[in-house]
Amino acid sequence: MKRTTVWVTTAAALTGLTACTSSSSSDEPQERRPASAPAALPALRTAERSTERAETARVRSTTVMGTQLSLTADGVLAWRDGLSGSLTIDYTGGTAAETMRDLGVTSMEARYLSDAYYARMGDTFAAKTGGKHWFRYAYDDLKTLGGGADLADQMRSTTPNQSVRLLLDSGDVRELGRETVDGQAATHYAGTVRVGDVTDTELRRRLQDADVTAETLDIWINEKNLLVKKVEKTSTTNGRVTQTAHYSDYGVKVAVRKPPAADTEDFKALLSQSSTNPT
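Residues numbered from 1 in each chain as written. Predicted model: local features only at pLDDT ≥ 70, side-chain atom pairs only at ≥ 80, totals over all residues. Heavy atoms only, no water.

Trainee: Got a sec to walk through unusual backbone geometry? Specific residues and values, please.
Mentor: Despite not being glycine, Asn 225 has its phi angle at roughly 65 degrees, a positive value. Mapped onto the elements of the fold, Asn 225 is located in the loop between β9 (212-222) and β10 (227-236). With a phi angle near 50 degrees, Asp 249 is a residue other than glycine that sits in the positive phi range. Structurally, Asp 249 is set in the loop between β11 (239-248) and β12 (264-266). (Helix = DSSP H or I, 4+ residues; strand = E, 2+ residues; numbered from the N terminus.)

Trainee: Can you lay out helix α7 (residues 160-168) for me, pointing to particular residues and giving the numbers?
Mentor: Where burial is concerned, most of α7 is hidden: eight out of the nine residues are buried. Inspection of α7 places Pro 160, Asn 161, Gln 162, Ser 163, Val 164, Leu 166, Leu 167 and Leu 168 among the buried residues, and these make up the whole buried set. (Buried < 20%, exposed > 50% of the residue type's maximum accessible area, 1.4 Å probe, protein only.)

Trainee: Residues and numbers for the environment of Ala 96, please.
Mentor: Among the structural elements, Ala 96 can be located in helix α3 (residues 95-102). In sequence terms Ala 96 and Gln 68 are 28 residues apart; their C-alpha atoms lie 5.7 Å from each other.

Trainee: Tell me about the pairing of strand β2 (residues 69-78), residues and numbers included.
Mentor: Judged by how many residues are buried, β2 sits mostly within the fold: eight of ten residues are covered. In this sheet, β2 lies alongside strand β1 (residues 56-65) in antiparallel orientation, the contact comprising ten bridges. Note that in β2 the partner of Arg 58 across the bridge is Val 76. Note that β2 and strand β3 (residues 84-93) share nine bridges and pair antiparallel. Across the sheet, residue Leu 71 finds its bridge partner in β3, namely Tyr 91. Adjacent in sequence and paired antiparallel, β2 and β3 are bridged by five residues, among which Gly 82 carries a positive phi angle near 80 degrees. (Pairing = 2+ DSSP bridges.)

Written out as structure tokens, the structure reads:
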């Protein structure tokens, strides 16, 4: 298999890890009416703590990366001890999705464990890569894929409490009023995050590693102080990315098993083979 094909396919698969996101919502947005930032901050700090303590949730999501890729994801995530979980990712459009369809891949199962990210690409793709269905991406190896950016850290920071935390670092947090989201009452908050203004050193580094220059973030917090929806519109050096996520079933059981070793190919080994045998 050509090395370039491996890179494209891997990049498309890895997009799912930051795509804990889904734009299917019929909720009508209300007119924005800014409130003072100090009034919004205590509620957001409470929401950050409550969402972090919940430790698990169900997520459905959509991500759009310009004309390059669009996808949906559905599954469960846990963040009590790092990131773990399982998502079904469907590739719905874009040039990367077309490349994957040519390889026989329209969707995949993604599993996140403590040591690595695992992707099941299907029978057709397996036939092109030695017969194994699962591909393992060790977190340490993901830096190579990102050209230096720490994609492992980016993946670990995609949990819902991190979205609330990011908005807390916004320079213009606004409370926009009460709305109905997925059948429940929620309060809408919004802000613009400029990387240079982020006070959390680790969070700022992760944003810089992801080539993020600015981001608008809208979140909805329910009456239990839990995040139920987020919409992120991110400007990066590679273009604009829009992500929308709906969270539910906080506290759901999340049990993820490592795929069988005999049916798993290591990304680093596959890339090495592709480099020595580019055809």
